Amino acid sequence: MVNNKMYELGTKKSTIRTIFEFGRKRAAEVGEENVYDFSLGNPNVPTPDFIKEAAVDILTNMEPAAIHGYTVAPGNPQVREKLAESINSRFGVNIAGKNLFLTAGAAASITICFKALSQPEDEYITFAPFFPEYRAFVESVGGKLVVVPAQPEDWQIDFEAFEKLVTNHTKAVIVNSPNNPSGAVYSEDTIKKLAEILRVKEQEYRHPIFIISDEPYREIAFEGYTVPYIPKYYDNTLVCYSYSKSFSLPGERIGYIMVPDSVADFGKVYGAIAGAARVLTHVNAPSLWQLVIGRCADKPSDISTYVKNGQLLYQGLIDAGFECVKPQGAFYLFPKCLEEDDYAFCERAKKYDLLLVPGTDFGCPGYFRAAYCIKTETIKKSLPLFKKLAAEYK
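Residues numbered from 1 in each chain as written. Predicted model: local features only at pLDDT ≥ 70, side-chain atom pairs only at ≥ 80, totals over all residues. Heavy atoms only, no water.

- If you look the protein up in an unreviewed UniProt entry, it shows as Aminotransferase from Selenomonas ruminantium.

What follows is the structure, encoded as structure tokens:
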């Protein structure tokens, strides 16, 4: 009667959402201030004033039909030109509005790219640890997700393992930096090496292999770390961007796909993206928020809270006896559990109302994710509880 795969996806909640809902129930029982919910990557930094000011000015002074009406499917042409100018000035590239396709956030951007590129037997490679929804997105278009094992000492890429997994069926490689869940930033050397290998493989298999760069955390990179702009290193790159994290707008769903002129057969790729958006019922990105980001594209992101929270939680976990790579970006830590079974460890943490996400869901058993985009005071109060949890393993 129904598609069984869709039924499974619709009725089986993700582990992250299940833990978050448990936290809401627990908060009703013991009080919000007594639950330490590190489960969900929902920004707690207030939306910047310049976003609110732009939205109010647009709503007050523009014609309603111009604000709320349809735009062309790729997005408002004037907004796309403004975004292109911003990208050019920031990253030293040369794109125009025609290279951008505005979307309802990074998830939409990624799924549109998968739909646009996919043919039977295609494979998409990603690197553990990875955002769990990649698997659902890839499989929804008939593709296969291939996972490169993690390199836990620094969360960079294990290139020896990667090279063995690239085959004639490889359509694209998914790159997420700064990374969810590890907080790692791929170095310039890492990106150069990745590009070098893929150029060789393209020659060997005689077809393009794309990089799909998933970049919702691009602006959240800490001092000493720079996020390489991958189209400068590799021609066949599609950039999937979102303003959800940089401007604290996760519920407004606004982002874009950037298709550089350098991709193999630009017209065909861009046309396929437009077609994929069409069949995925993407009429156009939210019209109001197109106008807002057009005005605010060059505005800075305030990451000071994430810097403070990341250092606070990292040092607290190290002091408690955990092993963890120092945060480099995004707003996640990915420490090693104190036992092999990460599900059992996270279940034990609930005894202290510490809500953590098992690493198995991210392709890394034995680790856990802690999202520190929460109140700083909540993190401070949680640190003695992490110490109590750790003491149970001594």
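1. Focus: the pairing of strand β2 (residues 100-103)
Thought 1: Residues of β2 alternate between two faces, with Leu 100 and Leu 102 on one and Phe 101 and Thr 103 on the opposite face, all of them buried.
Thought 2: Here four bridges tie β2 to strand β8 (residues 255-258), and the two strands are oriented antiparallel to one another. Bridged to Leu 102 within β8 is Tyr 256. (Buried < 20%, exposed > 50% of the residue type's maximum accessible area, 1.4 Å probe, protein only. Helix = DSSP H or I, 4+ residues; strand = E, 2+ residues; numbered from the N terminus. Pairing = 2+ DSSP bridges.)

2. As for the nonpolar core
Thought 1: One finds Phe 114, Tyr 124, Ile 212, Leu 238, Val 259 and Ile 273 to be the most contacted residues of the largest nonpolar core, which totals 44 residues.
Thought 2: Elements that contribute at least two residues to this core include exactly α2 (15-30), α6 (106-117), α7 (133-140), β5 (170-176), β6 (210-214), β7 (237-242) and α10 (266-279).
Thought 3: Formed jointly, this core draws a minimum of three residues from each of two domains, domain 1 (4-47 + 302-392) and domain 2 (62-296).
Thought 4: Ignoring anything within four residues of it in the chain, the contact list for Leu 238 reads Cys 113, Leu 117, Phe 210, Ile 211, Ile 212, Ser 213, Met 258, Val 259, Val 263 and Val 269.
Thought 5: Core analysis: the next-biggest nonpolar cluster, separate from the first, contains 37 residues, Phe 222, Ala 370, Ile 374 and Phe 386 among them. (Core = buried A, V, L, I, M, F, W, Y, C linked by side-chain atoms within 4.5 Å. Domains from an automatic or database assignment. Contact = heavy atoms within 4.5 Å.)

3. Focus on the sheet that holds strand β12 (residues 368-371)
Across a sheet, paired strands are connected by hydrogen bonds in the backbone, their directions being either parallel or antiparallel.
Thought 1: If you walk across this open sheet you meet the three strands as β9-β12-β11, and the pairing is antiparallel. Looking at strand neighbours, the two that pair on one side only are β9 (332-333) and β11 (357-358), the edges of this open sheet.
Thought 2: Relative to β12, β11 is paired through two bridges, and the arrangement is antiparallel. From the neighbouring strand, Pro 358 faces β12, where its bridge partner is Phe 368.

4. Things to note about the UniProt feature "domain: Aminotransferase class I/classII large" (unreviewed entry) in the protein
Thought 1: Mapped onto this structure's residue numbering, the UniProt feature "domain: Aminotransferase class I/classII large" (unreviewed entry) falls at residues 34-381.
Thought 2: Strand forms 14% of residues 34-381 and helix 38%; the C-alpha atoms that close the span are 9 Å apart. (UniProt positions renumbered as here; feature names shortened; annotations may be inferred.)

5. Let's talk about the environment of Glu 81
Thought 1: Tracing the backbone through its elements, the reader meets Glu 81 in helix α5 (residues 77-91).
Thought 2: For Glu 81, a relative accessible area of 38% puts it in the partly exposed group.
Thought 3: C-alpha separation for the pair Glu 81 and Asn 99, spaced 18 residues apart in sequence, amounts to 9.3 Å.

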